[in-house]
Amino acid sequence: MKLNSRETQILSIVIAAWGLFFVGSGTFMSQSKKTMTKNTYTIDVSAKQISQVQAKKNEVILKDLTVEEGKPISANVKDYLENPDQITDTMLNLLSKGLDTSAVNVNQPGTYTYSITCKKKIYQAKINVVAKVLPKVNITLKEKNMPTTGTISRNIRDYVYEEITDEVYYNMILDLKEVIAHQNIPGRYKYSITYNDVTYYGDFIIHEPVETANTNIVCPTGATQDPNNNTCICQVGNYNPETKECE
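Residues numbered from 1 in each chain as written. Predicted model: local features only at pLDDT ≥ 70, side-chain atom pairs only at ≥ 80, totals over all residues. Heavy atoms only, no water.

A. Spatial organisation of the overall build of the protein. Looking only at helices and strands, the protein features 5 helices and 12 strands. Going through the 247 residues of the protein one by one, you find that 25% of them count as buried. When the accessible surface of the protein is split by element, carbon and sulfur atoms take 52% of a total near 17700 Å². (Helix = DSSP H or I, 4+ residues; strand = E, 2+ residues; numbered from the N terminus. Buried < 20%, exposed > 50% of the residue type's maximum accessible area, 1.4 Å probe, protein only. Areas by Shrake-Rupley, 256 points an atom, 1.4 Å probe, with all protein chains shown as cover.)

Have a look at this one:
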């Protein structure tokens, strides 16, 4: 069958279109068959991690401390750190050299600042010195007698009936001001001992010396004369040479 010119033109266009289609399909399939290359990227974080761990180990955190009055404070820098187990030995050595507790007075209750200097950086924290807790004791004071020519004792144990420890003794305050002011004047006076914020009072009797006392002494009822010092011995209480009565 013979095609006319129009049909021949249409057929040529169709054939050309199919040709382009197959050429394009071949190119696409050829490219799709190319080997796909996968690239694996790795990041070396070991150095960074080591640096972070090292920085954590050398982080200095100081503690606020509380100590009892009169007790020494530690010279070991580890006792001042919140995290001593996370600090390297090299860093601990540097911190130890920079520890300064010179501003802390352990003998005076109060709040003080201590510091650690390391690599030109100063770390500071507080040390609280609290008053010492003293043992509780029962104290009974003696009634003392002394002639005007006598010597007033300053030994606290001479005024207390109970046996007391050195710790208690050194924390007692003996007040003899009234007695000292009247030591040449016969009479009954007060003295006191203060311990653990409690004040106890006792009597201190000053009398005339034996050589000037009345040798013809008359003792009150309930008392007998002591021939050795020309005074009276009361069965109950103590003899007051000024009032001449047992009190």
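B. Molecular detail of the sheet that holds strand E2 (residues 99-100). Read across the open sheet, the 4 strands follow the order E1-E4-E3-E2; overall the sheet is mixed. Strands with a single pairing partner mark the edges of an open sheet, and in this sheet they are strand E1 (65-68) and E2. For E1 and strand E4 (residues 121-130), the ladder comprises 4 bridges, and the chain directions are parallel. Each bridged residue has a counterpart across the sheet, and for Leu-65 the counterpart in E4 is Ile-127. Across the sheet, helix H3 (residues 89-97) lies against E2 and strand E3 (110-118), angled at about 130° from E3, the strand it touches most. (Pairing = 2+ DSSP bridges. Contact = heavy atoms within 4.5 Å. Axes fitted to C-alpha atoms, helices over the stretch in contact; angles between N-to-C directions.)

C. View of H3. All buried positions along H3 are accounted for by Met-91, Leu-92 and Leu-95. Buried residues of H3, viewed axially, fall in a sector of 100°; they line one side. Exposed residues lying more than 90 degrees from the buried face of H3 are Asp-89, Thr-90 and Lys-97. Those residues of H3 that are buried are in contact with E2 and E3. (Arc of directions from axis to C-beta.)

D. Looking closely at the state of the cysteines. Considering all chains together, one arrives at 2 disulfides under this definition. What pairs with Cys-219 in a disulfide is Cys-232, and their sulfur atoms sit 2.0 Å apart. Looking along the S-S bond of the Cys-219-Cys-232 disulfide, the torsion reads about -95°, which is the left-handed sense. Of the two residues, Cys-219 sits in the loop between strand E8 (198-207) and strand E9 (223-226) while Cys-232 sits in strand E10 (residues 231-234), which places them 13 residues apart along the sequence. Take Cys-219: its relative accessible area is 21%, and that puts it in the partly exposed class. One disulfide in the model links Cys-234 with Cys-246; its S-S distance is 1.9 Å. Since a negative S-S torsion denotes a left-handed disulfide, the Cys-234-Cys-246 link at about -85° is left-handed. Within this pair, whereas Cys-234 is found in strand E10, its partner Cys-246 is found in strand E12 (residues 245-246), the two being separated by 12 residues in sequence. Residue class for Cys-234 comes out buried when judged on its relative accessible area of 13%. For Cys-246, a relative accessible area of 24% gives the class partly exposed. Cysteines bonded in the protein are numbered consecutively along the chain; their disulfide partners then correspond to 1-2, 3-4. (Disulfide = S-S within 2.5 Å.)

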